[in-house]
Amino acid sequence: MREIKAADISAAVARMCISANTKLPADVRAKLEEGYAQETTEAGKEIFRQLLENADLSAATKLPLCQDCGLAVFYVEMGEDVVVPGGINKAITEGMVTGYQDGFLRKSSCDPLTRKNTGDNGPAIIHVDLVPGDSLKISYMAKGGGSENMSRVTMLAPSQGWEGIKKFVVNRVAEAGPNPCPPVILGIGIGGNFELAPKIAKKALLRKLDDIHPDPKIAEMEAELLAAVNKLGIGPMGLGGSYTCLAVKIAMAPCHIASLPLAVNVQCHSARHEEVEF
Amino acid sequence: MATYTLNTPLTDADTEMLRAGDMVLLNGIIYSGRDAAHKKLTELLDKGEPLPFDLKGASIYYVGPSPAIPGRPIGSAGPTTSYRMDAYAPRLYSLGLKATIGKGKRNDAVKQAMADNKAVYFGATGGAGALLSKCITASKVIAFEELGPEAVREMTVKDFPLLVINDAFGGELYAKPNLDD
């Protein structure tokens, strides 16, 4: 067994929360630069210019990239031979609370009915997968409410197939329009069941924007969806243009013979995530 | 499309000259308010009690800023999505509110209220909260402190960059999606 100290995990998580909220991932920044160079509308180009300036300012001043520092979502791949005295969930939650406090990050978690703020952005939303070995990888995503509100899960009929999937995704982005802060990134979960489809859809957002899916068929589907969505012309912040979506990332899982579950997780352009390995 | 520099409180003359697509650099006092604050403002109106600020000519910014970092009046402060305030906005417009500031679409009732009351809806750039915070030179909580990031703040803005999304004449800036069917 390999022991990893809870305090080490908490410290790393706190650092990661602060860092991710003040520094755009390099692949996201590169896409914004591409958009600034390539966007066909002046209004859209101006949005990209502002977003790049915002990223520079955030890195320099440590003001968060966006005031919505999100609910804190963690994906943990934990070796079956790893032990964390005190517990992995507690270690992550404590690190998150410290990071949001010390980093002057907004606490956005509240009671669903009374709407009373929990005050510490807790609880963290933590997904743990056990993997063979003694490694530990923790990925953190700051998921804002505006883009999350535009996300959907649906249970299609198997007969609807790929065409049905495409139609649902394009209509979802069209209906969301300017609301989720386009240009967006789409995490698409196809298959699984009612809880697995949205889980893999969101986790797909951790992939690099410029990576190409190792399965050529899925890579082709991602390219097809990206082109279809960008034909909508919604553009940056809904002001019109060719950049409605920066990337589409698909995850698939086998499903019940009766079902075709589909989840569309909409991510805003401020795609903040980081990971740490022990 | 024109660019205007305007001072709050806004007047009918100000809003009547604005058209969707115009750029506005807003100066003066604006008030923050989002979901929970709107519910509380509405409850005060229902009880016939005074609001924490004068609605006449006022501008409400749909924002829940991040905590101020040392040496700055406020943290990151970009717009939140506006449709969630659609349930409350028509009543506030009818009582003198001249502008709301946010991002995203408004419903027909809000657009009608703008037309009826010579009022407008401005868009600010979502996800540019650090950049927009530079235009906020002062900020203080004036009501509902218990709401934390959702408290009502009186903010002083200097050349706050906005686009007219909906004007008082039914005009709208947002691109309509190109759907085949």
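Caption draft 1: Main features of the overall build of chain B. Counting its secondary structure elements, chain B contains 5 helices and 7 strands. From first element to last, N terminus to C terminus, chain B shows the α and β order β-α-β-α-β-α-β-α-β-α-β-β. Computed over C-alpha atoms, the radius of gyration of chain B comes to 15 Å, within 12% of the 16 Å expected from 2.2 N^0.38 for 181 residues, which places it in the range of a compact globule. C-alpha atoms of chain B, sized along the principal axes, occupy 50 × 40 × 35 Å. When the 181 residues of chain B are sorted by exposure, 50% land in the buried category.

Caption draft 2: Looking closely at the pairing of strand β7 (residues 184-191) of chain A. Residue and element names in this part refer to chain A. Burial analysis of β7 places 7 of its 8 residues in the buried class, the great majority of the element. Looking at chain direction, β7 and strand β8 (residues 245-253) are connected through 8 bridges and run parallel. Bridge pairing in β8 links G187 to K249. Where β7 lies against strand β9 (residues 260-267), 6 bridges are found, and the strand directions are antiparallel.

Caption draft 3: Inspection of the sheet that holds β9 of chain A at higher detail. All names here are of chain A. Reading across the sheet, the 4 strands line up as β6-β9-β7-β8 and stay open at both edges, with mixed pairing between neighbours. The sheet is open, and its two borders are formed by β6 (152-156) and β8, each paired with just one other strand. Each neighbouring strand pair of the sheet contributes to a mean axis angle of 15°, computed without reference to strand direction.

Caption draft 4: Up close: the domain arrangement of chain A. Residue and element names in this part refer to chain A. As assigned here, chain A comprises domain 1 (2-20 + 65-143) and domain 2 (146-271). A straight line from the C-alpha centre of domain 1 to that of domain 2 covers 26 Å. If you look at the interface, domain 1 gives 8 residues, while domain 2 gives 7 residues. The biggest single contributor to the side of domain 1 that touches domain 2 is strand β5 (residues 136-143), with 3 residues. Looking at the side of domain 1 that touches domain 2 residue by residue, the class counts come to 4 nonpolar, 2 polar and 2 charged.

Caption draft 5: How the structure looks around the sheet that holds β5 of chain A. Residue and element names in this part refer to chain A. Spatially, β4-β2-β5-β10 is the arrangement adopted by the 4 strands of the open sheet, whose pairing is mixed. At either margin of the open sheet sits one strand with a lone partner, and together these are β4 (125-131) and β10 (272-277). Pairwise comparison of adjacent strand axes, ignoring direction, gives a mean angle of 15° for this sheet. Direction of pairing for strand β2 (residues 71-79) relative to β4: parallel, over a ladder of 7 bridges. Bridging from a neighbouring strand, V73 pairs with I125 of β4.

Caption draft 6: A look at the packing of helix α2 (residues 26-38) of chain A against helix α3 (residues 42-61) of chain A. Residue and element names in this part refer to chain A. Axis separation between α2 and α3 bottoms out at 8 Å; the angle between their running directions is 145°. Judged by the twist between their axes, the crossing of α2 over α3 is left-handed. Facing R29, L32, E33, G35 and Y36 of α2, the residues of α3 in contact are K45, F48, R49, L51, L52 and A55. Along the lines of polarity and charge, the residues of the contact of α2 with α3 split into 6 nonpolar, 1 polar and 4 charged.

Caption draft 7: Just the interface of chain B and chain A, in detail. Taken together, the 33 residues of chain B in the interface contact 40 residues of chain A. A per-element tally of the side of chain B that touches chain A places helix α5 (residues 129-133) of chain B first, with 4 residues. Across the side of chain B that touches chain A, the residue classes tally to 16 nonpolar, 15 polar and 2 charged.

Caption draft 8: Representation of the confidence of the model for chain B within the structure. Of all residues in chain B, 99% have pLDDT values of 70 or greater, and the mean over the chain is 97. For this predicted complex, the interface confidence score (ipTM) comes to 0.96, while the overall pTM stands at 0.97.

Caption draft 9: Expanded view of the packing of helix α1 (residues 6-22) of chain A against helix α4 (residues 88-102) of chain A. All names here are of chain A. At a minimum axis distance of 7 Å, the contact between α1 and α4 shows a crossing angle of 40°. Overall, the two elements α1 and α4 adopt an arrangement that is oblique. At the point where α1 passes α4, the crossing takes the right-handed sense. Contacts between α1 and α4 pair A6, I9, S10, A11, A12, V13, A14, R15, C17 and I18 from the former with K90, A91, I92, E94, G95, M96, T98, G99, Y100 and D102 from the latter. Each residue belonging to the contact of α1 with α4 can be placed in one class, and the counts come to 12 nonpolar, 4 polar and 4 charged.

Caption draft 10: A look at the nonpolar core. V13 and C17 of chain A together with F122 of chain B are the most contacted members of the largest nonpolar core, which totals 131 residues. Counting the residues that make up this core, at least three belong to each of domain 1 (2-20 + 65-143) and domain 2 (146-271) of chain A.

Caption draft 11: Region of the structure containing the environment of G122 of chain A. All names here are of chain A. Relative to the assigned elements, G122 resides in the loop between α4 and β4. Judged by the 16 C-beta atoms lying within 10 Å of it, G122 is partly exposed. A sequence separation of 25 residues divides G122 from V97, and the C-alpha atoms of the two residues are 6.9 Å apart. Once residues within four sequence positions are removed from consideration, G122 is found in contact with T93, V97 and S109.

Conventions adopted
Residues numbered from 1 in each chain as written. Chains lettered and ligands numbered in written order. Predicted model: local features only at pLDDT ≥ 70, side-chain atom pairs only at ≥ 80, totals over all residues. Helix = DSSP H or I, 4+ residues; strand = E, 2+ residues; numbered from the N terminus. Rg over C-alpha atoms; globule rule 2.2 N^0.38 Å. Buried ≥ 20, exposed ≤ 12 C-beta atoms within 10 Å, placed from the backbone. Pairing = 2+ DSSP bridges. Axes fitted to C-alpha atoms, helices over the stretch in contact; angles between N-to-C directions. Domains from an automatic or database assignment. Contact = placed C-beta atoms within 7 Å. Nonpolar A, V, L, I, M, F, W, Y, C, P; charged D, E, K, R; others polar. Left-handed = near helix turned anticlockwise from the far one by under 90°. pLDDT = per-residue confidence, 0-100. Parallel < 35°, antiparallel > 145°, perpendicular 65-115°, else oblique. Core = buried A, V, L, I, M, F, W, Y, C linked by C-beta atoms within 7 Å.

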